[in-house]
Every structure is written in structure tokens, then in C-alpha cells.
Amino acid sequence: MKKNKKIAVFGCKKTTKFLIENLLKIYPIDFLITINSNLGRKNQVADYYDLYKFAKEKGIKVYRAKDYSLKSEGDINYINSLNIDVAFVAGWQRLIPVQILEKFNIGAFGMHGSSMNLPLGRGRSPLNWSIIENRKNFYTNLFKYDAGIDSGDIVDTVKFAINNKDTAKTLHFKNILAMCCLVEKNLPKILSGALKLKKQRNIKPTYYPKRSPEDGLIDWGKDVFCIERFIRAVTRPFDGAFSYIDGKKIVIFNAQFFD
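Residues numbered from 1 in each chain as written. Predicted model: local features only at pLDDT ≥ 70, side-chain atom pairs only at ≥ 80, totals over all residues. Heavy atoms only, no water.

Remarks on the pattern of salt bridges
- A full pass over the atoms with the stated rule returns seven salt bridges.
- Lys199 is paired through a salt bridge with Asp153; the nearest N and O atoms lie 3.4 Å apart. Of this pair, Lys199 sits in the loop between α7 (168-192) and β9 (207-208) while Asp153 sits in the loop between β7 (137-144) and β8 (154-161), and the two are 46 residues apart along the sequence.
- The exposed category is assigned to Lys199, whose relative accessible area is 64%.
- The residue Asp166 makes a salt bridge to Lys174 at a minimum N-O spacing of 2.7 Å.
- Residue Asp166 is classed as buried on the basis of its relative accessible area, which comes to 3%.
- By relative accessible area, which is 26% here, Lys174 ends up partly exposed. (Salt bridge = Lys/Arg side-chain N within 4 Å of Asp/Glu carboxyl O. Helix = DSSP H or I, 4+ residues; strand = E, 2+ residues; numbered from the N terminus. Buried < 20%, exposed > 50% of the residue type's maximum accessible area, 1.4 Å probe, protein only.)

Laid out in C-alpha cells, this is it:
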């Protein structure tokens, strides 16, 4: 594909790395906007990955933001100075400020999935919630960012099954594959301006709340099937389910995918 647009990637997770590796096979990436490990810990970013060395080795210019929210004047001014045409957002658990979005020549595109499909299941941790709620399918959407929470117009969608052995780890892998498929398929239309966007369904949105490590406490009052799903839902790359025995915290990971 002929190079004539500036592309940036926003992210700070292994998901981001996987997207970059696949995107580089078809188109150069000019910039990576990420955060350092201190900000990763401060913001409790699950599966944080320091992409600095990896990106530099790939010839990508790296900007480490001062603030994960990108709301600082320094972050806004620097990113806007890059004259970015297209941004892909993956592994970045924050909104992109409007002051940055409006400066992209074509736009910013991100992923959000839901077991009920958008606008149902916006918000945080939809993969984890899908296992907890015993859902059977998941819809990964490539959408164009706007000022709202996962409210942008849809570019394209991939649907995949959730089976009774899936964990947070395997669902993340399925979702990453769907994400890369969507970007590769739709990148030519995005760059050429031939993209046809689709509005989300005209129904009342629902939102999943954020999950934190403290939410991994097992409720032994639930039935064994709920508990088993819960353990699969919060296993690696997350912090695991936990309980207490004689006051000692015991962390439980799904044994099949322990690493």
C-alpha cells in the first residue's frame, strides 16, 4: 500500500504491540503515543507493556504522555503538532480528548466489543463481564471515535463464539485477532476516504462498570458454575480471583492457562 498518510497508534498494552506488528505488514506507522511504567502502575493498567524499545526498533517515533488522560496542555500541544491523519487506539483505557480528536485529518479509530453488541455493553471490561454473565457470543467493533464513551459510528464488526473453556486470556486473543482483521480489511477505505460509517442501533445504551483487582473476591454463596466462570473471567492477564483462609489471602488462577 502506497505511503502518503501519517498514522499513529495510541496504546500501552500487549494488545497494542500485536496490532502494531500486524499493521506494519501492510502500512508504516509514524508515531506511538504511550505511557511509561510508572503511569501504568498508577492507573492500574492490566497487562501493561512498555512499548518504548519495541517501537524504536521498528523505526516508530515514541511519545510518552505526561498524563494517561492526555488532558495536560503539553500532551495536547505535542500530539496536535504531529499533524496525524489517522490514529488507531488499542490498549488505551481512556477517552481521547476532543482537542486532539478534532485535529486528526481523517479521524481516530478504536475497538470496542460487547456480547450484546453496541450500544449495549459500552464501558469497561466487556470481555470479563461476558464470561461472568455466561454469554455465548462476542461482537468486536471497529468504530470512529467521537467525544462519547464507545458511542462512535461503526466501521465494521466481527462476531465470534465464547465457549465454556474460554478465559480472560483466550478471549483477549480472539478479540485481538478480530481487531487486526478489521483494521487490515478496512484500512484502504479509511485512508482513501471511501469509508461508509454505520450509526449504532437506536436503542438506550448500557454501560459496564470498571473492574479493579479488589473485585476479584469470590462470593462462595454463588453456585459452583458461577464461581468457575468468575475464576476464568479474572484470570491472567488480570490479577486473579481470591479468597481468605484463616486470614491469609489465597489467589486463584485458571489452571489450564496458568503461566
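Having seen it, we continue.
What about empty space enclosed by the protein?
- Applying the stated criterion across every chain, the model contains one cavity of 30 Å³ or more.
- When its volume is computed, the largest cavity comes out at roughly 80 Å³.
- Forming the walls of the largest cavity are Ser130, Ile131, Asn134, Arg135, Lys136, Ile162, Asn163, Asn164, Arg229 and Arg232.
- Of all the secondary structure elements, the ones that give two or more residues to the lining of the largest cavity are α6 (126-132) and α8 (224-234).
- Tallied by class, the residues present in the lining of the largest cavity amount to two nonpolar, four polar and four charged. (1 Å grid on protein atoms, 1.4 Å probe; cavity = no way out; pocket = protein on both sides within 12 Å on 5 of 7 lines; lining within 4 Å. Points joined across faces, edges and corners; volume = space filled by probe spheres on them. Nonpolar A, V, L, I, M, F, W, Y, C, P; charged D, E, K, R; others polar.)

Observations concerning a nonpolar patch on the surface
- Residues Leu95, Ile149 and Tyr207 make up a contiguous nonpolar surface patch of about 290 Å² in total accessible area.
- The topology assignment puts Ile149 in the loop between β7 and β8. (Patch = residues over 30% accessible without salt bridge, like charges linked within 9 Å, V, L, I, M, F, W, Y side chains within 5 Å. Areas by Shrake-Rupley, 256 points an atom, 1.4 Å probe, with all protein chains shown as cover.)

Remarks on the pairing of strand β4 (residues 86-89)
- Of the two faces of β4, the one carrying Val86 and Phe88 and the one carrying Ala87 and Val89 are both buried.
- In terms of strand pairing, strand β1 (residues 7-10) meets β4 through four bridges, oriented parallel. In the sheet register, Val9 faces β4, and the bridge partner there is Phe88.
- In this structure, β4 lies alongside strand β5 (residues 107-114), joined through four bridges in parallel fashion. In the sheet register, Ala87 faces β5, and the bridge partner there is Ala108. (Pairing = 2+ DSSP bridges.)

Digging into the layout of surface pockets
- Approximately 1100 Å³ is the volume attributed to the largest pocket.
- For the largest pocket, the lining is made up of 44 residues, of which Lys13, Gln93, Arg124, Ser125 and Pro126 are closest to its centre.
- Looking at the lining of the largest pocket, the elements that each hand over two or more residues are β5, α6, β7 and α7.
- Split into classes, the residues belonging to the lining of the largest pocket amount to 19 nonpolar, 16 polar and nine charged.

A short note on the side chain of Ser69
- Mapped onto the elements, Ser69 comes out in the loop between β3 (61-64) and α4 (73-81).
- Among the residues examined, Ser69 registers a relative accessible area of 17% and is labelled buried.
- Here Asp67 takes part through its side chain, which lies 2.9 Å from a polar atom of the side chain of Ser69. (Polar contact = N/O pair within 3.5 Å; in protein donor to acceptor, adjacent residues only side chain to side chain.)

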